[in-house]
Amino acid sequence: MELRHLRYFVAVAETGSLTEAAETRLHTSQPSLSRQLRDLEAEVGTPLFVRGSRGVVLTPAGKAFLDHARLALAQAREAVSAARRTARPAKASFAVGFLTGHEVEWLRHITSVLSDELRTTDFRVTSDFSPAIGAAVQSGDIDLGFSRIEPQPDVTYKIIAHEPIVVILPREHALASRAEIDPREIDPLSFVGYSDTPHVLRGIVERYFEDRGLTMAPSHFLDGYATGISLVASTRGVTLLPAYVEALLPASLVSRPLTGNGPVIEVAAGYRADNPSPVLAAFLRNIDRLVSARAAGVDGGSDV
C-alpha cells in the first residue's frame, strides 16, 4: 500500500464520484483511478465502496478506513513540513494565506502593521479555499491564515471580524429594487446552493433558512465566491455570500441586506503557537489594534 492509494481513496470518498475525483482532484484518468482502488481493496481484503449509477458510497469498512487514511496522509504531510522547517534558510520568511477574496480587505492592514519586520523578510501571499488555508497553517506551509475556523489539532484561532451575509442577485432582478430582502421572497428554485467546500458558510445559511421554516431547492452549487458570482450572473439566480464580495461584483450584479437579524460569518486569524517566527509574534502583539483600525476603515500604521 502506497500513499497514492490513500490519496485516491480519500478523494473518491470526499467527492462521491470517480469521475469528479479523477478530473478535479487527482488529474488522472478514471480507468487508472478505478484500477488503483481495486488494488487497494484487494490489499485491504474487503470492499471499501459500493458503486452505483449515482456515484460511489462507502461501505462500513470504507467508513472505518477513511479516518485512518486521512490521519496517515496528514502525518505524511507533517513529516515533510517538519523537514522543510528544519531546512529553512537563515533569512527570515513569512507566508500568509487568505480565504480567496479576503486579501483585498486585509492585506494592506497586515503590511502596514508589519512594515518594519517585512523590510528584511521574504513575504509570500497565497489565497485558497478556507479548509486548505487551515491545513496549510497546520502543516507549516504558511505562518498565518485568514479563513473560517477550520478545526486543526495544532492551530490556534483568533476571531477578528464578523461579516454580515448578504443577498447577491442580478441588477434587473425584481427583488433588487428592495432596500432589504425578506428571505421568504427568494424563489427556492432559483437559489444557488453550496458544495461541500464552503462548509462553514453552507451550515450558517442552512440553519438560517431552517430557523425560518424555509427550504431551498437549488440545482446549481458554488464552491467559492468566484463560482458563486459566476453562477448568479449566468443563471440569473440568487445566493447568499459574505459582504466582502460586494467590492468584487461585476456591474450586472448587486447585493442587498436581509431583513431583520441576518446571519453573520466569522473571519479568524489562524496560527501555530509553536511557530517561532518573530514576524508572527509582532503580528500577534498588534492584532487587537489592527482589528480596531480595520473596523474604523483606516490603515494599521507601524505604531498600531
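Up top is the structure these notes are about.
Residues numbered from 1 in each chain as written. Predicted model: local features only at pLDDT ≥ 70, side-chain atom pairs only at ≥ 80, totals over all residues. Heavy atoms only, no water.

**Student:** Lay out the overall build of the protein in plain terms, naming residues and giving numbers.
**Tutor:** Assigned secondary structure in the protein consists of 10 helices and 11 strands. Burial analysis of the protein (304 residues in total) assigns 45% to the buried set. Contacts spanning at least 24 positions in sequence make up 72% of the contacts within the protein whose residues lie at least 6 apart. Total accessible area on the protein stands at roughly 15,300 Å², and carbon and sulfur atoms take up 52% of it. (Helix = DSSP H or I, 4+ residues; strand = E, 2+ residues; numbered from the N terminus. Buried < 20%, exposed > 50% of the residue type's maximum accessible area, 1.4 Å probe, protein only. Contact = heavy atoms within 4.5 Å. Areas by Shrake-Rupley, 256 points an atom, 1.4 Å probe, with all protein chains shown as cover.)

**Student:** Explain helix 1 (residues 3-15) residue by residue, including any values.
**Tutor:** Here helix 1 contains 13 residues, and its C-alpha end-to-end distance of 18 Å stays within 8% of the 18 Å for a straight helix at 1.5 Å per residue. Taken together, the buried positions of helix 1 are H5, L6, Y8, F9, V10, A11 and V12. Downstream of helix 1 by a residue or two, G16 has a phi angle that is positive, lying close to 70 degrees. (Expected span 1.5 Å × (residues − 1).)

**Student:** With reference to specific residues and values, describe the packing of aromatic side chains.
**Tutor:** The relative placement of two aromatic rings is captured by the distance of their centres and the angle of their planes. Considering all chains together, one arrives at 10 aromatic pairs under this definition. Ring centres 5.2 Å apart and planes at 50 degrees place the aromatic pair F9 and F49 in the tilted group. Residue F9 is found in helix 1, and its partner F49 is found in strand 1 (residues 49-52); the two are separated by 40 residues along the sequence. Overall, F9 belongs to the buried group, its relative accessible area being 0%. Accessibility expressed as a relative area gives 4% for F49, which makes it buried. Each residue in the set F98, W106, F146 and F283 is aromatic and connected to the rest through ring pairs, giving one cluster. (Phe/Tyr/Trp six-rings, centres within 6.5 Å; stacked < 30°, edge-to-face > 60°.)

**Student:** Give a detailed account of the packing of helix 1 against helix 3 (residues 30-44), specifying residues and quantitative values.
**Tutor:** Put simply, helix 1 and helix 3 touch, their axes get as near as 10 Å, and they point 110 degrees apart. Judged by the angle between their axes, helix 1 and helix 3 are roughly perpendicular. When helix 1 is examined against helix 3, the residues R4, H5, Y8, F9 and V12 are found in contact with a partner set consisting of L33, Q36, L37, D39 and L40. Residues that form the contact of helix 1 with helix 3 fall into these classes: 6 nonpolar, 2 polar and 2 charged. (Axes fitted to C-alpha atoms, helices over the stretch in contact; angles between N-to-C directions. Parallel < 35°, antiparallel > 145°, perpendicular 65-115°, else oblique. Nonpolar A, V, L, I, M, F, W, Y, C, P; charged D, E, K, R; others polar.)

**Student:** Got a sec to walk through the environment of I133? Specific residues and values, please.
**Tutor:** Tracing the backbone shows I133 in helix 7 (residues 130-139). Between the C-alpha atoms of I133 and G97, which are 36 residues apart in sequence, the distance is 6.1 Å. If we skip the residues at most four places from it in the chain, I133 touches G97, F98, L99, D128, I142, G145, F146 and S147.

**Student:** Help me get a handle on the side chain of S130, residues and values and all.
**Tutor:** Of note, S130 is situated in helix 7. Reaching out from S130, the side chain makes a polar contact with the backbone nitrogen of R148 at a distance of 3.0 Å. With residues up to four places along the chain from it excluded, the contact list for S130 reads L99, S147, R148 and E150. (Polar contact = N/O pair within 3.5 Å; in protein donor to acceptor, adjacent residues only side chain to side chain.)

**Student:** Now, about the nonpolar core: what can you tell me, with residues and values included?
**Tutor:** I168, L169, F191, V205, F209 and L240 are the most contacted members of the largest nonpolar core, which has 35 residues in total. For this core, the secondary structure elements donating two or more residues are strand 6 (155-170), helix 8 (199-211), helix 9 (225-235), strand 9 (239-242) and strand 10 (253-256). The residues touching F191, leaving out its near neighbours within four places in the chain, are I186, V205, F209, M216, P218, S219, H220, V238, T239 and L240. The next biggest cluster of nonpolar side chains, apart from the first, holds 22 residues, and it includes I110, L114, F146 and Y271. (Core = buried A, V, L, I, M, F, W, Y, C linked by side-chain atoms within 4.5 Å.)

**Student:** Kindly report on the environment of A76, identifying the contributing residues and their values.
**Tutor:** Position of A76 relative to the elements: it lies in helix 4 (residues 60-86). Given the relative accessible area of 24%, A76 is considered partly exposed. Sequence separation between A76 and S139 is 63 residues, and the spatial gap between their C-alpha atoms is 9.9 Å.

**Student:** Which residues make up the environment of T215, and what are the values?
**Tutor:** The topology assignment puts T215 in the loop between helix 8 and strand 8 (221-222). Counting along the chain gives 31 residues from T215 to R184, while the straight-line C-alpha distance between them is 9.6 Å.

**Student:** Quick rundown of the pattern of salt bridges? Include the residues and the values.
**Tutor:** This model, assessed by the stated rule, comprises 14 salt bridges. The salt bridge partner of E172 is R236, with a shortest N-O separation of 2.2 Å. Here E172 is found in the loop between strand 6 and strand 7 (193-194), whereas its partner R236 is found in the loop between helix 9 and strand 9, with 64 residues between them in sequence. By relative accessible area, E172 is classed as exposed at 56%. What makes R236 partly exposed here is its relative accessible area of 34%. The salt bridge involving R178 is made with E185; its shortest N-O contact spans 2.6 Å. (Salt bridge = Lys/Arg side-chain N within 4 Å of Asp/Glu carboxyl O.)

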